[in-house]
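Remarks on the overall topology
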Amino acid sequence: MLVLSGIAIIIIGFAIGVNPLLVVTVAALASAAAAGHGPIEVVAMIGKAFVDARFLAIPFLALPTIGLLERAGLRVKARSIVRGLRRATTGRVLIGYLALRQITAALGLISLGGHVQMVRPIVAPMAEGAGERDENTALDRYTRYHIRAHAAAVDNIGVFFGEDVFIAIGSILLIRAILEQDGITVAPLDVAIWAIPTAIAAFLIHGVRLLLLDRRLRRQRA
């Protein structure tokens, strides 16, 4: 049970607001020590894991590009475009991105979206612009961050429920491997097909939430 001490360290560290990187590192060292691994062996395992998953650092290459685009006025342009659309609302803008995110994720194009490269510079400003146009005034701080939270949630939900429809994705292979451990053999295509109703249900349920967001914004305006 001492091996699970890392989980307790993570919970306590996050609860008291310690630096997440420091918390995770200490938790890893504590769990490894409880399992009988020395410090050098732990560092070697962390290094091997980093090398094996080095492709995960590729998205960081997009950060300088996004920064330059924002400095050139990308967020302002995205907001102004939505203000010119007469029937655009915050909820409708986010529903459109939800559909786009789910469809592209179902085709395996997961990297086309994301919080850094899509939500912050494009989707969130467009949703805020629709809200500002509806209210004909600047949004207050709470409403602005509320809309941004919904924009981030749309990206998460779209990719989470859309990617399972694509057969060559890690989650499908994980589901198949877990079922095989219990003696249940399924084809990746079968898992992907059964993920379609879940993806549709997620789109409808969250779409209703976004329409309720529009209603909430209209009540605030009134």
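Each remark here, short or long, concerns the structure printed above.
Residues numbered from 1 in each chain as written. Predicted model: local features only at pLDDT ≥ 70, side-chain atom pairs only at ≥ 80, totals over all residues. Heavy atoms only, no water.

Secondary structure assignment for the protein chain yields ten helices and zero strands. Counted from the first residue to the last, the protein chain has its helices and strands arranged as α-α-α-α-α-α-α-α-α-α. Counting only residues that meet the buried cut, the protein chain has 31% of its 222 residues in that class. Taking as baseline every contact in the protein chain between residues at least 6 positions apart, the subset at least 24 positions apart corresponds to 72%. Within the structure as shown, the protein chain displays about 14,000 Å² of accessible surface, and the carbon and sulfur contribution to it stands at 70%. (Helix = DSSP H or I, 4+ residues; strand = E, 2+ residues; numbered from the N terminus. Buried < 20%, exposed > 50% of the residue type's maximum accessible area, 1.4 Å probe, protein only. Contact = heavy atoms within 4.5 Å. Areas by Shrake-Rupley, 256 points an atom, 1.4 Å probe, with all protein chains shown as cover.)

Time to look at the packing of helix α1 (residues 5–16) against helix α2 (residues 20–34). Where α1 contacts α2, the axes come no closer than 8 Å and their chain directions differ by 160°. The pairing of α1 with α2 is recorded here as roughly antiparallel in orientation. The chirality of how α1 crosses α2 is right-handed. Each of Ser5, Gly6, Ile9, Ile10, Gly13 and Phe14 in α1 lies in contact with α2, whose residues at this interface are Pro20, Val23, Val24, Val26, Ala27, Ala30 and Ser31. (Axes fitted to C-alpha atoms, helices over the stretch in contact; angles between N-to-C directions. Parallel < 35°, antiparallel > 145°, perpendicular 65-115°, else oblique. Left-handed = near helix turned anticlockwise from the far one by under 90°.)

This paragraph deals with a positive patch on the surface. A surface patch of like charges, here positive, comprises Arg86, Arg87, Arg92, Arg209, Arg215, Arg216, Arg218 and Arg219. Here the element with the most residues in the positive patch is helix α10 (residues 188–221); it accounts for five residues. With respect to the secondary-structure elements, Arg219 resides in helix α10. (Patch = residues over 30% accessible without salt bridge, like charges linked within 9 Å, V, L, I, M, F, W, Y side chains within 5 Å. Salt bridge = Lys/Arg side-chain N within 4 Å of Asp/Glu carboxyl O. Lys, Arg positive; Asp, Glu negative; His and termini not counted. Charge placed at Lys NZ, Arg CZ, Asp CG, Glu CD.)

With that settled, consider the packing of helix α6 (residues 90–106) against helix α8 (residues 141–162). For the pair α6 and α8, interaxial distance at closest approach is 7 Å and the crossing angle is 25°. When the interaxial angle is binned, α6 and α8 end up roughly parallel. As for how α6 packs across α8, the hand of that crossing is right-handed. Side by side, α6 and α8 meet where Thr90, Leu94, Tyr97, Leu98, Arg101, Gln102, Ala105 and Ala106 of the first sit next to Ile147, His150, Ala151, Val154, Asp155, Ile157, Gly158, Val159, Phe161 and Gly162 of the second. By residue class, the composition of the contact of α6 with α8 is eleven nonpolar, five polar and two charged. (Nonpolar A, V, L, I, M, F, W, Y, C, P; charged D, E, K, R; others polar.)

We now examine α1. Between its first and last C-alpha atoms α1 spans 17 Å; for twelve residues at 1.5 Å apiece the expected length is 16 Å, and the two agree. Just downstream of α1 lies Gly17, where phi reads positive at about 80°. (Expected span 1.5 Å × (residues − 1).)

On inspection of all chains with the given rule, the structure shows one aromatic pair. Measuring from centroid to centroid gives 5.1 Å for Phe160 and Phe161, while their planes differ by 80°, and the two rings are edge-to-face. Of note, Arg148 hangs over the ring of Tyr145, and the distance from its end group to the ring centre comes to 5.1 Å. (Phe/Tyr/Trp six-rings, centres within 6.5 Å; stacked < 30°, edge-to-face > 60°. Lys NZ or Arg CZ within 6 Å of the ring centre and 35° of its normal.)

For the rest of this paragraph, the subject is α6. For α6, which comprises 17 residues, the first-to-last C-alpha distance of 24 Å matches the rise-based estimate of 24 Å (1.5 Å per residue) to within 8%. Listed as buried for α6 are Thr90, Gly91, Val93, Leu94, Ile95, Tyr97, Leu98, Arg101, Gln102, Thr104 and Ala105. Gly108 lies just past α6 and shows a positive phi near 90°.

This part covers the side chain of His206. In this fold, His206 is placed in helix α10. On the basis of relative accessible area, His206 is assigned to the buried category, the value being 2%. Contact partners of His206, with chain neighbours within four places excluded, come to Leu98, Ala153, Val154 and Ile157.

This brings us to the pattern of salt bridges. Summed over all chains, the structure comprises three salt bridges. Its salt-bridge partner being Asp155, residue Arg101 comes within 3.0 Å of it at the nearest N-O pair. Within this pair, whereas Arg101 is found in helix α6, its partner Asp155 is found in helix α8, the two being separated by 54 residues in sequence. In this structure, Arg144 and Glu128 form a salt bridge, with 2.7 Å as the shortest nitrogen-oxygen distance. Pair noted here: Arg144 is in helix α8 and Glu128 is in helix α7 (residues 115–135), with a separation of 16 residues, a long-range link. For the pair formed by Arg144 and Glu128, the shared burial category is buried. In this structure, a network of salt bridges that share partners links the residues Glu128, Arg144 and Arg148.

To continue, consider the side chain of His150. For His150, the location among the structural elements is in helix α8. The exposure class assigned to His150 is buried, which follows from its relative accessible area of 8%. Those residues in contact with His150, other than ones at most four positions away along the chain, are Leu94, Arg209, Leu210, Leu213 and Arg216.

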